[in-house]
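Coordinate analysis (summary)
In case you want the letters, here they are:
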Amino acid sequence: ARKTTNIRNLCILAHVDHGKTTLADSLVASNGIISSRLAGKLRYLDSREDEQIRGITMKSSAISLHFPLGMNEYLINLIDSPGHVDFSSEVSTAVRLCDGAIVIVDAVEGVCPQTQVVLRQAWLENIRPVLVINKIDRLIVELKLTPQEAYIHLKKILEQVNAVTGTLFTSKVMEERAEKESEKQGPYENSGGEQIYDWSAGLEDTDDSHLYFSPDQGNVVFASAIDGWGFSIHQFAQIYSQKMGIRVEVLLKTLWGDFYLNAKAKKIMKGAQSKGKKPLFVQLVTTYIFSFIPAKVEKMVASLGVKVAARDLRHSDPKVLLSAVCSQWLPVSQAVLTMVCEKLPSPLDVASERVEKLMSVGARRFDSLPERTQELKKAFLECSNEDAAPVIVFVSKMFAVDSKALPQNKQRPLTQEEIAQRRELARQRHAERLAANQVSENPESAHTGGIAETMEVLKSEPDKEESKEHFVAFARVYSGVVRRGTKVFVLGPKYDPAQALKMLPEGCSSADALPSVPHMSCCTLDSLYLLMGRELEELEEVPSGNVLGIGGMEEWILKSATISTSPACPPFTPLNFEATPIVRVAIEPKHPSEMPRLVKGMKLLNQADPCAEVLIQETGEHVLVTAGEVHLQRCLDDLRERFAQIEISASKPIIPFRETVIRRPKVDMVNEELGKQQKVAVIHQSKEEQYKYPEGVQVDSSGLVTLTTPNKMATIGVRAMPLPEEVTQLLEANGSLIRTMEQFSLSMKEGKALEINQRTLESIQDFKGKLESHLQGRKWRDAVNRIWSFGPRRCGPNLLLNNLESYQRPSVWQCLEGERVPGTALRDFDNSIISGFQLATLSGPMCEEPLMGVCLSVERWDMKLPSLGSHQDSMDGEEKVSDGDSKQKAAQEPWGAAEAYGSHNKRWPDVSVDCYGPFSGQLIAAMKEACRHAFQHQPQRLMAAMYTCEIMATAEVLGRVYGVLSKREGRILQEEMKEGTDMFIIKAVLPVAESFGFADEIRKRTSGLASPQLVFSHWEVVSSDPFWVPTTEEEYLHFGEKADSSNQALKYMNGVRKRKGLYVEEKIVEHAEKQRTLGKNK
Ligand SMILES: Nc1nc2c(ncn2[C@@H]2O[C@H](COP(=O)(O)OP(=O)(O)OP(=O)(O)O)[C@@H](O)[C@H]2O)c(=O)[nH]1
Ligand SMILES: [Mg+2]
């Protein structure tokens, strides 16, 4: 069983509750680890208490199984993953270690949002999926479908799933993949002229049919995991081949699809539908399973040779009978594991494209990597177990186990006699205690005795010393053999083999004493484990291609890492996390003295969860960021019960907002066109007039804000404009491209060139083209080429534009230019302007939340030239570079010519520090202030984070669902009937700020029928103006004096300001009343 071709690494993926863990139970039971009677009820891989209580999986866990098939003995490393959207990062950690996946779809619910997500994840990681349509029993018992209806229903579900795969296939990812595949050899033909696809060899065919799910392709199983039965058409083909004397291959091709049996001619014909015949699948398959009439059963049972208990045969509930017969006749584990071994690739079949992706080539060109690194690709492809092969291991997450659970600390399982002995001992002790105490503290225990007592003894014995958390790394070997005691390099995500190879002596190994290299450390692997669900088994060595656990790595690895014996190994590409951590809470210990334990606990939690983030804010608050409410709850439980073991309290969730500006509205708050209303009295002056700008800040009528540094050396003019929505979205979506561009510019500044691969360059070109197409019109002329920076953090959804005509700086798009355009050097302090912009976009003036969708255009930047000569008055040395100046002048003077800025002899030696501090700092502060004022001069709005959710509900509870949604400011996007059911699917969006308790409320109001999953979707402008006060009679009548009754934005804004300890303006309202009286008295 140690042959690499016989290993399958796979995970089970699906939408929440579609039956992953239940199916895993059946597979586990096939190995005798749990009894088959309990399979489906135990949910063995849900080993956490809260997983069992809530009935949902929260952590991925792995188990190794054996499966004999024909002459071969397969080793199957199975990973069960959670389906709830909050835990999708756990899915990412599982998918990374696998070569294939079982995707499950509920036969009633069909394709759900997470089904689409997991299919996408599988594609992105280049792993091959097979499909299980689960809960077939519900079609019989709940929907009461006839065999014919069932066939049509199943066909629809397959179409749905394939539609998702189809869109993935046509998407860019798939195009590239298809391109690569077509270079390889196509299918070969056998003598009969039929095409045969050699799956087991793992060759990719030009034919794309294997990308789709179809029973005749052998990649679909129909199952009822809970009842332990399931089948592929393979099994039926075999049964009928014998019975009817038709070749298995023919049946395989015709059992699914538009074929029917012509009984007279004893032939299978095409065109069942047009001729009104029963398709073969109905006639030979669903008829048996769907019309399970008890009278017929006894005969059938006899003919199948299945043993069914007489009690079950006479059971009045047809479901019991169905399950009793089918689980023996068509055991689900047989069907699923056969499909897995035949259709999923072995570790040897890894595609070269996947290797390059894993090797974290990212935006770089593969051939720009060091030669020794490139050579490692071969090791990946060979997946060799030779001693000479380099060890390459990837750790996708760290999980905490109790020290008691480690095999070293655990006694071997007790034999029957030992258990009996202990039980006796326990009984004696108990009796003694009873006698001693007279009064028993716990009266029940005296009666239960037996097992409970034994459990107590088993538990309490090894538990004397304080239980300590241990971390086990969840990992896979990609090359070489991992042995206990091997010395290895642990490579962090930022490790650069090119840099390291230069620093390290030729041919060194991890056993040598080496100079310290950034992001690399050396350690010894001291414990290796076989992952067996709840149990770990110690191993001496693990060969290539396997999933394993590694103990004792917590000091070296935070969440994930790459381990290798070769320093040329690149760190693996980071995991794709689908979830955006968005729910944050501040955490405090109940007793302040327990702070150190909280800190330690949060550190452990951070390590144990792939997606939770732990931050300490400037205010000293300990903040926990999670993917959603359910995830938050789990993290808090973990902290309380496990990692900190103290009482803690968590703040209300901290809701993130964004700040933006919009175009001046044309209508007022009562929807009347601005300027046309009768202003009966001036109730309020317009905002601009109220707003007092501080000294040194000037604003002209067009909104240009001008500001001078305290030392009067520099003057900056900035204007803020809203970006078109499409542009903001583009910027949001292309953060990683922007980062690559930024890296490129940085390397250019340092005089090196980063080699960017063709594909990335094309994406950047494409991105640029799209930006250009959305930035049209006079206002945006040449804007794309004038982009100075992105922000905040140099890659966010805001733009800094260089609208200084006299300053041509190197473009942010330099990487697209074949050669460097000469003569475009940076002006001194260019970076200060960027930094000021970064600060301004990181926290806005409304409530210090980041900006979004704002363009800040620099239109003036004057610097006073300090007296270079000695004889002149400093004022004479003043030179200007600005738009306001005539162009000729700018062109003539030395400061106008860009090269001059870069020359070193004209730096600012004298002015760099004065009584106002370093000049660059003054410039940064001035730029930041100018941006803030420019922002405030425009109509400001908050943006709220929005969730989307899909709710499934029956017609009766629909009204209540809508009630809850509208109360929480939700909006319905779509409502449709789910085909073949009486359920409605409602798609809605609602603000994250209103979402807490939403899922619970929906569940309660609909008696548990609808249970939505909230997925972060986008940012949306809150339409109300937080600074709004009524200025017309109509507005005044409509909103009343205080005008804050309905101002959601103001509520949000003040909420954030209060939390941050910022000044909360409450004067606006007082002011308003005074104004009004004034107006009336006139
Ligand atoms: N009728 C029916 N119910 C099933 C079947 N398989 C699973 N269930 C039920 O569906 C529910 C969810 O099953 P799980 O196995 O926990 O689902 P899961 O996909 O692991 O869920 P998460 O891990 O939380 O995403 C349980 O109540 C099961 O009893 C099936 O074949 N038929
Ligand atoms: Mg589960």
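The following paragraphs examine the structure supplied in this document. Keep in mind it's a predicted model, so treat the numbers as computed, not measured. Sequence order sets the numbering: in each chain, residues are counted from 1 along the sequence as written. Starting at A for chains and at 1 for ligands, labels are handed out in the order in which the entities are written. For this predicted model, a pLDDT threshold of at least 70 governs which residues receive local features, and a threshold of 80 or more governs which side-chain atom pairs are given and counted, while totals over whole chains, interfaces and linings are taken from all residues. The side-chain quantities take in all heavy atoms of the structure and omit both hydrogens and water.

Further remarks concern the overall build of the protein. Every helix listed is a DSSP run of H or I at least four residues long, and every strand listed is a run of E at least two residues long, numbered separately from the N terminus. Scanning the protein from terminus to terminus reveals 35 helices and 38 strands. Contact criterion: two residues are considered in contact whenever any of their non-hydrogen atoms come within 4.5 Å of each other. Taking as baseline every contact in the protein between residues at least 6 positions apart, the subset at least 24 positions apart corresponds to 74%. Each accessible area is a Shrake-Rupley estimate made with a 1.4 Å probe; only the visible protein chains count as cover when residues are assessed. A total accessible area of about 50900 Å² is found for the protein, and carbon and sulfur atoms account for 51% of it.

Strand pairing within a sheet occurs via backbone hydrogen bonds; the two strands may be parallel or antiparallel. Pairing between two strands requires that DSSP report at least two bridges joining them. Taken together, the 4 strands give an open sheet; going across it, the order is β23-β24-β22-β25, and neighbouring strands pair in antiparallel fashion. The open sheet has two free edges, formed respectively by β23 (613–616) and β25 (648–650), since each of these has just one partner strand. When the angles between neighbouring strand axes are averaged without regard to direction, this sheet yields 30°. As judged from the 4 bridges shared by β23 and strand β24 (residues 622–626), these two strands associate in the antiparallel manner. The partner of leucine 615 across the bridge, within β24, is valine 623. On the sheet, helix α21 (residues 595–608) packs against β22 (583–589), β23, β24 and β25 and is oriented at approximately 25° with respect to β24. Between N-to-C directions, angles cover 0 to 180 degrees, with each direction set by a line fitted to C-alpha atoms, over the stretch in contact for helices. The strands touched by helix α22 (residues 629–643) are β22, β24 and β25; relative to β24, the strand with the most contacts, the crossing angle is about 135°.

Under the scheme applied here, a residue whose accessible area is under 20% of the maximum for its type counts as buried, over 50% as exposed, and between as partly exposed, the area being computed with a 1.4 Å probe on protein chains only. Counting buried positions over the 11 residues of strand β13 (residues 469–479) gives 10, a clear majority of the element. Where strand β12 (residues 392–402) meets β13, 10 bridges bridge the pair, whose relative direction is antiparallel. When the bridges of β13 are listed, phenylalanine 394 appears paired with arginine 476. Pairing between β13 and strand β20 (residues 547–551): 5 bridges, direction antiparallel. Residue pairing for β20: alanine 475 is matched across the bridge by leucine 548.

If you trace the backbone, glycine 769 turns up in helix α26 (residues 758–774). Taking the C-alpha atoms as reference points, glycine 769 and valine 784, separated by 15 residues in sequence, lie 9.1 Å from one another.

On to the nonpolar core, then. What we call a nonpolar core is a set of buried Ala, Val, Leu, Ile, Met, Phe, Trp, Tyr and Cys residues that are connected through their side-chain atoms within 4.5 Å. Formed by 106 residues in total, the largest nonpolar core has its most connected members in Ile550 and Leu624. When near neighbours in sequence (up to four residues on either side) are disregarded, isoleucine 550 contacts Val393, Phe471, Val472, Ala473, Ala475, Leu525, Ser527, Leu528 and Ile563.

A few words on the coordination of the magnesium ion (ligand 2). Metal donors: N, O and S atoms at distances within 2.8 Å, or within 3.2 Å for Na, K and Ca, with water omitted from the atom set so that some sites may seem incomplete. Coordination sphere of the magnesium ion (ligand 2), protein contribution only: Thr21 (OG1) and Thr57 (OG1), at 1.9 Å. Taken together, the residues threonine 21 in helix α1 (residues 20–29) and threonine 57 in the loop between α2 (49–54) and β2 (61–69) connect sequence positions 36 residues apart. Accessibility expressed as a relative area gives 7% for threonine 21, which makes it buried.

With that settled, the discussion passes to the pattern of salt bridges. Just to be clear on terms, a salt bridge is a Lys or Arg side-chain nitrogen sitting within 4 Å of an Asp or Glu carboxyl oxygen. Within this structure, the stated rule accounts for 32 salt bridges. Note that aspartate 387 and arginine 483 form a salt bridge whose closest N and O atoms lie 3.3 Å from each other. Of this pair, aspartate 387 sits in the loop between α16 (371–382) and β12 while arginine 483 sits in strand β14 (residues 482–483); the two residues are 96 residues apart in sequence, bridging distant segments of the chain. Residue classification places arginine 483 among the partly exposed positions, given a relative accessible area of 33%. In this structure, arginine 794 and glutamate 742 form a salt bridge, with 3.0 Å as the shortest nitrogen-oxygen distance. Of this pair, arginine 794 sits in the loop between β30 (787–791) and β31 (798–802) while glutamate 742 sits in helix α25 (residues 735–749), and the two are 52 residues apart along the sequence. Sharing partners across several salt bridges, the network here consists of Arg48, Asp50, Asp609, Arg634 and Asp638.

This paragraph deals with the sheet that holds strand β29 (residues 714–722). The 6 strands lie next to each other as β27-β28-β29-β32-β31-β30, forming an open sheet whose pairing is mixed. Edge positions in the sheet fall to β27 (697–699) and β30, since each of these pairs with one other strand and no more. On average, each strand axis in the sheet is inclined to that of its neighbour by 25°, with strand direction left out of account. Examined bridge by bridge, β27 and strand β28 (residues 705–708) share 3 bridges and lie antiparallel to one another. Considered in β28, the bridge of glutamine 698 is made with threonine 706. Across the sheet, helix α27 (residues 830–842) lies against β29, β30, β31 and β32 (854–863), angled at about 35° from β30, the strand it touches most.

This part takes up helix α4 (residues 113–124). Compared with the 16 Å implied by 1.5 Å per residue over 12 residues, the 17 Å span of α4 between its first and last C-alpha is a close match. In the segment just after α4, asparagine 126 is the residue with positive phi, at about 55°. Given a helix with a known number of residues, its expected span is that number minus one, times 1.5 Å.

To continue, consider the site of ligand 1. Any residue with a heavy atom positioned within 4 Å of a molecule or strand is treated as near that molecule or strand. Around ligand 1, 19 residues are found, and the nearest of them are Lys20, Thr21, Thr22, Thr57 and Asp137. At a separation of 2.4 Å, an oxygen atom of ligand 1 approaches a polar side-chain atom of threonine 22. Take alanine 225: an N or O atom from its main chain is 2.9 Å from an oxygen atom of ligand 1. Look at ligand 1: alone it shows 650 Å² of surface, and the protein chains cover 85% of it. Definition of a polar contact: a pair of N or O atoms within 3.5 Å, with one able to donate and the other able to accept a hydrogen when the atoms are protein atoms, and with sequence-neighbouring residues admitted only if both atoms are side-chain atoms.

Attention now goes to the packing of helix α8 (residues 233–244) against helix α10 (residues 280–290). Look at α8 against α10: their axes get within 11 Å of each other, and the N-to-C directions meet at 110°. As the angle between them shows, α8 and α10 are arranged roughly perpendicular. Handedness of the α8/α10 crossing: right-handed. The segment α8 lies against α10, with Ile233, Phe236, Tyr240, Lys243 and Met244 engaging Phe281, Leu284, Val285, Tyr288 and Ile289. Oblique is the label for any angle not covered by the other classes, which are roughly parallel (under 35 degrees), roughly antiparallel (over 145) and roughly perpendicular (65 to 115). Should the near helix be turned anticlockwise from the far one by less than a right angle, the crossing is termed left-handed; should it be turned clockwise, right-handed.

Looking now at the packing of aromatic side chains. Both the distance between ring centres and the angle between the ring planes are used here to describe each pair of aromatic rings. Stacked, tilted and edge-to-face are the three classes assigned to paired rings of Phe, Tyr and Trp, where Trp is represented by its six-membered ring and a pair needs centres within 6.5 Å; plane angles under 30 degrees give stacked, over 60 edge-to-face, the rest tilted. Counted by the stated rule, this structure contains 21 aromatic pairs. With centroids separated by 5.5 Å and ring planes inclined at 50°, the aromatic side chains of phenylalanine 222 and phenylalanine 281 adopt a geometry described as tilted. Taken together, the positions of phenylalanine 222 in strand β8 (residues 220–224) and phenylalanine 281 in helix α10 put the pair 59 residues apart, joining distant regions of the chain. Exposure remark for phenylalanine 222: the relative accessible area of 0% places this residue in the buried category. The class for phenylalanine 281 is buried, based on a relative accessible area of 0%. Ring geometry for phenylalanine 399 versus phenylalanine 474: centroids 6.1 Å apart, planes at 85°, classification edge-to-face. Pair noted here: phenylalanine 399 is in strand β12 and phenylalanine 474 is in strand β13, with a separation of 75 residues, a long-range link. We note that phenylalanine 399, like phenylalanine 474, is buried.

This part is about the environment of glycine 551. In this structure, glycine 551 sits in strand β20. Overall, the relative accessible area of 3% leaves glycine 551 in the buried class. On a C-alpha basis, the gap between glycine 551 and phenylalanine 399 in space is 10.0 Å, while along the polypeptide they are 152 residues apart.

Here we come to the side chain of serine 789. For serine 789, the position within the fold is in strand β30. Residue classification places serine 789 among the buried residues on the basis of a relative accessible area of 3%. One polar contact links serine 789 to glutamine 838, side chain to side chain, over a distance of 3.0 Å. Dropping the residues within four chain positions of it, serine 789 is found in contact with Asn798, Leu799, Leu800, Ile834, Phe837 and Gln838.

Another point: the side chain of threonine 93. Note on placement: threonine 93 falls in helix α3 (residues 88–96). Polar side-chain contacts of threonine 93 include one of 2.7 Å to the backbone oxygen of glutamate 90.

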